Amino acid sequence: MSGFVKQVLAALLLVALVGVVLLLRHQPAGPSEKDEGVSEEEALKRYGFCLREGAKEAGIDFTHQAPTLDAKLDHIMPIIASMGAAVSIVDFDRDGLLDIYVVNSGEGSKNRLYKNMGDGTFKDVAEELGVADLNQPGTGVCMGAVWGDFDNDGYEDLLVYKWGRPELFHNDRGKGFTRVTDKAGLPRHVNANSAVWLDFDRDGKLDLFIAGYWPDDIDLWHLQTTKMMPESFEYANNGGRKYLLRNKGDGTFEDVTEKMGISSTRWTLAVAAGDLCGSGYPDLFLANDYGVSELYANQGGKKFVEIGKPSGVAAAPKSGMNASFGDVFNSGRLSVYVSNITEPKTLPQGNNLWVHEGAPAGEKTRFLNHATALGIDLGGWSWGAQFGDLNNDGWLDLYLTNGYISAARGKDNYWYDYSQIAGANKAIISDAQNWPPMKGRSLAGYEQKCVWLNRGGKFVDVAPAVGVTDTFDGRSVALADLWNRGVLDVVVANQKGPLLIYKNTVARDHQWIQFELEGTKSNKSAIGARVRLFWDGREQVQEVSGGNGYAAQNQRRLHFGLGKDPHVEKAIIEWPSGQTQELIAPEAGICHKKKEPE
Amino acid sequence: MSTSPPPTLDRPPGPPSAPKKKGLLSFDNRYLAPGLITAILVVGQLTYGIIEVHSSPLLSRLTGGLLSTYSPTFVAILVCIVMELVLGRLFGGRWPHLASAYISGISVGILIRSPELWPYILCGALTIVSKYAIRFRGRHLWNPSNFGVSLMLFLAPLSVASLSQQWGSEIWPILVIWCLGALILWRLGKLHITATYAVTFVLLALLRSQVTGQKFLTALGPITGPMYQLFIFFMITDPKTTTRTKARQCVVAVLVAVAETLFRLTEELHAPYYALFTVGPITNLIEILWDGRRGAAKQHEARKAAGPAVAEPCGNGTTAMAAACPAVPSAAPPADESAGSHC
């Protein structure tokens, strides 16, 4: 073969390889199931559900306000003040109707507690009940809230975490709230973006975990220095400390963070607690921005051991912004969904779905990322996500909100500048003064949300087709059966945007069942309790959560979709106290209220 | 990235000299660049765990849970080495030296980012195939890794990105890399390229900061990141795809930095790759043509002086002609180049 012929053959091979690249590459989202314009009837027929935004109809007119921090940050204020929109679901007055608490973050702005009036509308009662005015200058601004009955009096108490002083409110039998922050002994200042109620030692009293984002010594309104940014885009370890606060049972909490082996100073944006390692005790999963996730395995309530690396969840540093649990495969095990950033051409991190590899095995528990294989990895600049059976077909679906900063439209955006600083050395990236000015540009703005429908192990995004077409800068998602119809509605809090309520309509022949648990030996909120439901040869597990997703808390009651004509065999309730309770053939179509046997 | 063992290619081909006696402590320069890039990889992995790891449920199923993760970086290295072996054997008739394929594999494996596997495989394959497919008068026009990476970034922007984040937060690993890299490049006679590029980048960063109103440190930021360490130590210094004389190499380094600045002013995220992709082949082509003309002129003079005995055109691979016109590459690649032993 002559040299020329060889070169021609090599050239042909090169062309063929280019062809393969063109075949395999991701194309911009095309038509098909992402299309808008599908009628409600058609969506019901195709997907078994459809969502319609109806906040205003329900009497909700909340728009989130962002804080205005130290003027030294003016040039990148949209980046720094990009969080705070958060929502949590509670039945604060135990009237059987789920209420909505939504926080605000502008200085002087008010939080809202939307009481469910039972007639399809909500009424803000935050002011009269004393949980509205929490953004007073000098006290910080709200970043989120979680509900839990820390004194076991049957009413859900409220923790509001802030960039500033966290606040604890005792629920006075649904008639009002009393601020008990000082008495409880909460830390004086935490720049927190997430918190969760959990009973880590299973003593029947709810403990608290508050995760700092910025270091505690930073007052974002009075900066001593602008060297307060993460030291690296992927390996930052200079974030806020964490607080594990043990409930002493007398209305006070003690800081046991160090004693329990929790030493993280990563930039935590989301935390969730649940028994991931199979010990019967709740473990802590931390989704960290600018770095790897962390998994603190609970050693029988005596100690936590960080097993991120050996368990696999810390395999690659990304930009963790969400941690939510769901039994995606109906395998009886909870997987963890962590949202990250996906920006074509720039940052294709991909979201993670950490699925157990084998059985949970304490410290030796291993996880494998299935997000790419299942098609739930690419979600833009992803924030809050929640699992829930949106069409009651017996498989958990996934609702993801996204979008970072929606400002100027068009091609001129901040990505190039962002990439310049993201690749720079610590000395450069950690000083806010070196961050290029935003100048009104967008950064991952106006993104289309994702509603991933679980089709028995493979997900398909049906967002616009089922009616989710908003492009606000979404942050927090919570799922709840707001109108007691046996369906999961979706509440979304948007940064500098309106609170959205997507009312769900589900195909009539799709059945459901719900469980509302109340602990006796266990904590009254039953946080950490599990229901293992067996029907039609399937098994699904769900766990009562004290806060998960991103700055969110779903309804406490557990909702299972069952599909058509289900035969429910049994439900096993695993209480945090260790005892189990079996319900034989519980009836579908109702909410079973179960109290832990004394 | 460096695709060939530097010193041998830098020297003009001359008559075969008697093999030098190697001392016990002598070291083959061909292993310096692979050694450096391996050191970067190892130090980076030990300190920050920089090597990408992908989970694969399929792999887990196939191996019965024995293997559930893999590193796409190592897949890229493997692809490059296998492609080099196959193509070298097929087109060159001999087993090639694998140093350059190894460097290409590491470079590709580190420089592109994707949650999927196929970009690593195809980028590695494109890189190696380009070495055999795109030649002019026996010389490469594009740096192979730069070609592969640029093509992937351009053709599959929704699937592939380039490394843009800082590996770690400390300055010392970068200083170590710079010191070690500088030492090795000095030994290979290539330090002037990196130095010229770095100085030009700094000066142009100053200019950019003036034009855009950004802080100088912001404009300087990228060169402190890991991607640039690979770029300036391995890619722009690649002997096989740089021009032949030191002066020309310095000029090309300046031109790449200038082109990069222009790309940066248009806010192109992959500015350095596209700059080298654009400037590299043009300067190489100019040099090949220029030297070809000079070679032809010399040949003409030689013909006049030597009479009709010298009839072969320069660059046909004969030893006599190679000695007579050192700077003119042959139209057909020499056997060892076809074999890919150098690139």
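Just above, that's the structure.
Each chain has its residues counted from 1, running along the sequence as written. Whichever chain is written first is A, and whichever ligand is written first is 1; the rest continue in order. Reporting in this predicted model follows two pLDDT cut-offs: at least 70 for local features of residues, and 80 or more for side-chain atom pairs to be given and counted; totals over whole chains, interfaces and linings ignore these cut-offs and use all residues.

(A) Broad picture of the overall build of chain B. Elements are defined by DSSP. Helices are runs of H or I of four residues or more, strands are runs of E of two residues or more, and each kind is numbered from the N terminus. Within chain B one finds 15 helices and 6 strands. Buried residues in chain B amount to 50% of all 343 residues. In this description, a residue-residue contact is defined by the distance between C-beta atoms placed from the backbone, which must lie within 7 Å. Taking all contacts inside chain B whose residues are at least 6 apart in sequence as the whole, residues at least 24 apart take part in 71%. Labels follow a simple rule on C-beta atoms placed from the backbone: if 20 or more others lie within 10 Å of a residue's own, it is buried; if 12 or fewer, it is exposed; otherwise it is partly exposed.

(B) Focus on the overall build of chain A. A tally of regular secondary structure across chain A gives 9 helices and 38 strands. Relative to a compact globule of 598 residues, whose C-alpha radius of gyration would be 25 Å, chain A shows 24 Å and is just as compact. The principal-axis extent of the C-alpha atoms belonging to chain A is close to 90 × 60 × 50 Å. Burial status across chain A gives 61% buried among its 598 residues. Within chain A, residue pairs in contact and separated by at least 24 positions form 62% of the contacts whose partners lie at least 6 positions apart. Atoms considered for the radius of gyration are the C-alpha atoms alone. The globule rule reads 2.2 Å times the number of residues to the power 0.38.

(C) Seen up close, the interface of chain A and chain B. Every contact between the two is made by 54 residues of chain A and, on the other side, 53 residues of chain B. The set of elements that each furnish at least two residues to the side of chain A that touches chain B consists of α1 (3-24), β21 (347-348), β23 (367-369), α7 (371-374), α8 (415-422) and α9 (426-429) of chain A. Sort the elements by how many residues they give to the side of chain A that touches chain B and α1 of chain A lands first, with 13 residues. Class assignment of the residues belonging to the side of chain A that touches chain B gives a composition of 30 nonpolar, 16 polar and 8 charged. For this classification, the nonpolar set comprises Ala, Val, Leu, Ile, Met, Phe, Trp, Tyr, Cys and Pro, the charged set comprises Asp, Glu, Lys and Arg, and every other residue, Gly included, is treated as polar.

(D) Representation of the pairing of strand β31 (residues 511-518) of chain A within the structure. All names here are of chain A. A large share of β31 lies buried, amounting to 6 of its 8 residues. For two strands to pair, DSSP has to find at least two bridges joining them. Relative to strand β35 (residues 558-563), β31 is paired through 5 bridges, and the arrangement is antiparallel. Of the residues in β35, the one forming a bridge with glutamine 511 is glycine 563. Where β31 meets strand β38 (residues 591-595), 5 bridges bridge the pair, whose relative direction is parallel. Within β38, the residue paired with leucine 517 across the bridge is lysine 594.

(E) A look at the nonpolar core. Linking buried Ala, Val, Leu, Ile, Met, Phe, Trp, Tyr and Cys residues through C-beta atoms within 7 Å yields a set, and such a set is a nonpolar core. In this structure, Ala195, Phe209, Val271, Phe285 and Val466 of chain A together with Val129 and Val256 of chain B are the most contacted members of the largest nonpolar core, which totals 262 residues. Once residues lying within four places of it in the same chain are set aside, the contact partners of valine 129 of chain B are Ala10, Leu13, Leu14 and Leu17 of chain A together with Met83 and Leu87 of chain B.

(F) Representation of the sheet that holds strand β18 (residues 324-326) of chain A in the model. All names here are of chain A. Here we have 4 strands laid out as an open sheet, ordered β18-β19-β22-β23, and antiparallel in their pairing. Pairing within the sheet leaves two strands with one partner each, and these edge strands are β18 and β23. Direction aside, the axes of adjacent strands within the sheet are offset by 30 degrees on average. In this structure, β18 lies alongside strand β19 (residues 335-338), joined through 3 bridges in antiparallel fashion. Considered in β19, the bridge of serine 324 is made with tyrosine 337. Lines fitted to C-alpha atoms define the axes here, with helix axes fitted over just the stretch in contact, and angles between the N-to-C directions of these axes take values from 0 to 180 degrees.

(G) Main features of the packing of helix α5 (residues 99-111) of chain B against helix α6 (residues 118-133) of chain B. All names here are of chain B. Running from N to C, α5 and α6 cross one another at 140 degrees; their axes reach a closest spacing of 10 Å. With respect to each other, α5 and α6 are oriented oblique. α6 is crossed by α5, and the crossing has right-handed handedness. Counting all contacts with α5, which are made through Ala101, Ser104, Gly105, Val108 and Gly109, the residues of α6 involved are Tyr120, Cys123, Gly124, Thr127 and Ile128. Working definition: roughly parallel below 35 degrees, roughly antiparallel above 145 degrees, roughly perpendicular at 65 to 115 degrees, and oblique for all remaining angles. Whether a crossing is left-handed or right-handed is set by the direction in which the near helix is turned from the far one by less than a right angle, anticlockwise for left-handed and clockwise for right-handed.

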